[in-house]
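Structure assessment
Spelled out, the chains give:
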Amino acid sequence: MTTGTGTVAPGAGGSVDLTPLAGRGSLTWGLLDAWVIAQRNLRHTWRVPDMLVFSIIQPVLFVLLFVYVFGGAINVGPGLNYVDFLMPGVFVQTVIFGAMLTGLGLAEDRQRGLLDRFRSLPMSRSALLAGRTLSDLVRNLFVVLLMLAVGLAIGFRFHHTNLAKVVAGFGILLLFAYAFSWVSATIGMAVSSVEAAQSGGFIWVFPLVFASSAFAPVESMPGWLQPFAENQPVSVVVSAVRALFIGGPLAGDVIASLAWSVGIIAVFGPLSVRFYRRTVSR
Amino acid sequence: MRAVTDTNSRPAVLAEGLRKSYGNAPALVGLDLLVAQGTVHGLLGPNGAGKTTAVRILSTLLRPDGGRAEVLGLDVVRSANALRARIGLAGQYAAVDERLTGLENLVMFGRLYRLPVRRARARAEELLERFDLSDAAGKVVGAYSGGMRRRLDLAASLVIAPRMLFLDEPTTGLDPRSRLAMWEVIGDLVRDGTTVLLTTQYLEEADQLADRISVIDGGRVIAEGTADDLKARVGGHRLDLVIARGGDLAAAAEVLRAAGTGLVDVDHAGWRLSVPVPGARVLAEVIRGLDAADVEIVDVALHRPSLDDVFLTLTGRRAEEEPAGQPGDDATTRDLVTT
Ligand SMILES: Nc1ncnc2c1ncn2[C@@H]1O[C@H](COP(=O)(O)OP(=O)(O)OP(=O)(O)O)[C@@H](O)[C@H]1O
Ligand SMILES: [Mg+2]
């Protein structure tokens, strides 16, 4: 145990031994600290579940709209139900929008002055962000499972696949969402207010989500848009998940999805932590 | 004097030439500070003086643009991490999680200070008890009053019983009763050896709590010393006199003019007179003079100048007006006649 870590003032102290734990590596501490933060955020979610409710209602509405309103007009090819085509896209869209709440939560922490408190503690420098992305991942998992239930209820079925592939599909989905959480964290730390995090944090995902193969085949889009819609990361992930859930060629899209996710985390992880270290409340 | 728990004779805070700008706007322009261990040091200044910026730099939240600072012998930039495990900070606005309960807040902070869960919990309960929050321990902080929130915030900054505590305007926004309670808590901490750096806009508060005071304005220290030192800089005392109704005000004023060092302020309606004097010795002379002039004395008193006057003398303007009803807002320090 280390000694002399400021545990001497009897006025502030009491009967509790205040010697901090020692002898763990910084990676272990990083994870432990992040877990404390994640637990706190999950408590918030349960205590004030509006966010959770909204993040479920919105994709459910989407599914119903797309299936029952546009579904008839969208031609997804012979022998394929629109709902089977749609659900992988909806899963991706759902987790991406869910991931965008990461930056909002962080901006709120800053607005409430909590960021200063956390930054004054000897906790790991990345823990507040890592904890937030972690709790958002848990929330996303929960929402995706609910969406799966909704999908199954309106006729979605897995085809030409097996359990391992389905699990891999959800894994790719959630990893991509986790990567987007770090982008959102970076935005949340870079902008100066909750409002800015709210609008600036969402606006850029709309073209990514809608100019993609999530809801309609890329071939149905105008020619100038197709190269982008075909190759941008959301489409790549949708294709990979779709192939894993309802069959189709796999390897290329799966590897590209993993590469995108890892690449995004590698860039935006350190970047967001850098912003975190510099920002102060208010 | 106060118990100094550390044999180390190093100052608790040593800052030299701290500079910090936000964009092009300078907030600190060469701030120097020296705080001895086991003392309370007050940073006194009006809105925008740079108090919060100074506290943020010393508590490792902000990097200075220039100058250097050590807290408990550790450089605030190079040893920031080690320092965070030794200090406590209660910022200008209570920084506790509104959606957690009081207990959950303190346990969380304890764990982030890397206490094992069980001890973090025991410490949290101990602090809640001490700050009179035990009954509200299970309530969500969003439902706390402002005073309760402040106390919880202070408790959070004491989780590891730090030897160095930074308090940024600890009583701003509190009602008089909570303010007095807060003063008591701070007094207790210091009695037991904690070094405290506190900022305040309340002259009264600095006078009450601080062993030494740095008056800051425009991002630097414009005066430093004990409250007494600072008052002495304004020069001597002020003599206030009330004579019997219908007495000879002109004669009384003449006596005061002879004894004083400045203009005599005469309040005809209240039969009051006031004048700056060099020291307590003139009192006898004044009483003899009034006696000789046949003026009947109702009340006579010598006042040392308040920090209000200090601020006025140092900066040429008044500090923020204090809200009415502050504790200590009593006649002895408040009835100064400005001339
Ligand atoms: N984050 C910031 N961005 C830009 N300017 C800032 C920022 N924080 C403070 N300032 C400016 O720096 C100067 C010093 O501010 P600081 O908050 O340190 O003063 P203060 O003495 O704490 O004031 P107050 O009594 O109002 O709390 C002010 O002019 C303020 O407007
Ligand atoms: Mg301030």
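Quick look at the structure, then. (Residues numbered from 1 in each chain as written. Chains lettered and ligands numbered in written order. Predicted model: local features only at pLDDT ≥ 70, side-chain atom pairs only at ≥ 80, totals over all residues. Heavy atoms only, no water.)

1. A look at the overall build of chain A
A tally of regular secondary structure across chain A gives twelve helices and zero strands. Overall, chain A shows an N-to-C arrangement of helices and strands of α-α-α-α-α-α-α-α-α-α-α-α. Considering only C-alpha atoms, chain A reaches an extent of 80 × 40 × 35 Å along its principal axes. Within the span of chain A, comprising 282 residues, buried residues form 55% of the whole. In chain A, the proportion of contacts linking residues at least 24 apart, taken out of those at least 6 apart, comes to 79%. Across chain A, the mean location of the 18 positive side-chain charges is 8 Å away from that of the 12 negative side-chain charges. (Helix = DSSP H or I, 4+ residues; strand = E, 2+ residues; numbered from the N terminus. Buried < 20%, exposed > 50% of the residue type's maximum accessible area, 1.4 Å probe, protein only. Contact = heavy atoms within 4.5 Å. Lys, Arg positive; Asp, Glu negative; His and termini not counted. Charge placed at Lys NZ, Arg CZ, Asp CG, Glu CD.)

2. Let's talk about the coordination of the magnesium ion (ligand 2)
Residues and elements named next belong to chain B. Within the protein, Thr 52 (OG1) and Gln 92 (OE1) serve as the donor atoms for the magnesium ion (ligand 2), at 1.8 to 2.2 Å. Note that Thr 52 is positioned in helix α1 (residues 51–58) and Gln 92 in the loop between β6 (87–90) and α3 (102–112), a separation of 40 residues in sequence. Judged by its relative accessible area of 22%, Gln 92 falls in the partly exposed class. (Donors = N, O, S within 2.8 Å, 3.2 Å for Na, K, Ca; no water.)

3. Some words on the nonpolar core
A:Phe118, B:Leu106, B:Phe109 and B:Ile213 are the most contacted members of the largest nonpolar core, which totals 76 residues. Residues within four places of A:Phe118 in sequence aside, it is in contact with A:Ile37, A:Arg40, A:Met123, A:Arg125, A:Leu128, A:Tyr276, B:Met108, B:Phe109 and B:Leu112. If you look at the next biggest cluster of nonpolar residues, it comprises 59 residues, including A:Val67, A:Ile74, A:Val95 and A:Ala177. (Core = buried A, V, L, I, M, F, W, Y, C linked by side-chain atoms within 4.5 Å.)

4. Quick notes on the packing of aromatic side chains
Applying the stated criterion to the full structure yields 21 aromatic pairs over all chains. Judged by centre distance (6.1 Å) and plane angle (45°), the ring pair of A:Phe62 and A:Phe215 falls under tilted. Within this pair, whereas A:Phe62 is found in helix α2 (residues 50–70), its partner A:Phe215 is found in the loop between α9 (205–210) and α10 (226–231), the two being separated by 153 residues in sequence. You can call A:Phe62 buried: its relative accessible area is 17%. A relative accessible area of 4% means that A:Phe215 is categorised as buried. Taking the centre distance of 6.4 Å and the plane angle of 85° together, the rings of A:Phe97 and A:Phe202 count as edge-to-face. Of this pair, A:Phe97 sits in helix α3 (residues 82–99) while A:Phe202 sits in helix α8 (residues 194–203), and the two are 105 residues apart along the sequence. Among the residues examined, A:Phe202 registers a relative accessible area of 19% and is labelled buried. Through a chain of ring-to-ring contacts, three or more aromatic side chains come together here, namely A:Phe62, A:Phe66, A:Phe70, A:Phe97, A:Phe202, A:Phe206, A:Phe210 and A:Phe215. The ring of B:Phe109 carries the charged tip of A:Arg117 above its face, separated from the ring centre by 5.4 Å. (Phe/Tyr/Trp six-rings, centres within 6.5 Å; stacked < 30°, edge-to-face > 60°. Lys NZ or Arg CZ within 6 Å of the ring centre and 35° of its normal.)

5. A few points about the packing of helix α4 (residues 101–111) of chain A against helix α7 (residues 163–190) of chain A
In helix packing, the relevant descriptors are the interaxial angle and the interaxial distance, both defined with respect to the helix axes. Residue and element names in this part refer to chain A. Between α4 and α7, the least distance of the axes is 7 Å, while the angle of their chain directions is 30°. The orientation of α4 relative to α7 falls into the category roughly parallel. Once α4 is placed against α7, the crossing between them reads as right-handed. Each of Leu 101, Thr 102, Gly 103, Leu 106, Ala 107 and Arg 110 in α4 lies in contact with α7, whose residues at this interface are Ser 181, Ser 184, Ala 185, Gly 188 and Met 189. Residues belonging to the contact of α4 with α7 are distributed by class as follows: five nonpolar, five polar and one charged. (Axes fitted to C-alpha atoms, helices over the stretch in contact; angles between N-to-C directions. Parallel < 35°, antiparallel > 145°, perpendicular 65-115°, else oblique. Left-handed = near helix turned anticlockwise from the far one by under 90°. Nonpolar A, V, L, I, M, F, W, Y, C, P; charged D, E, K, R; others polar.)

6. Quick notes on the site of ligand 1
Around ligand 1, the surrounding shell holds 14 residues, and the nearest of these are B:Asn47, B:Gly48, B:Lys51, B:Thr52 and B:Thr53. Near ligand 1, residues from chains A and B are present, making the site a shared one. Side-chain polar atom of B:Thr53 to an oxygen atom of ligand 1: 2.5 Å apart, as the coordinates give it. When ligand 1 sits alone it has 630 Å² of accessible area, and the protein chains cover 65% of it. Of the residues forming the shell around ligand 1, the biggest block, three residues, is contributed by α1(B). Considered class by class, the residues forming the shell around ligand 1 number four nonpolar, seven polar and three charged. (Near = heavy atom within 4 Å. Polar contact = N/O pair within 3.5 Å; in protein donor to acceptor, adjacent residues only side chain to side chain. Areas by Shrake-Rupley, 256 points an atom, 1.4 Å probe, with all protein chains shown as cover.)

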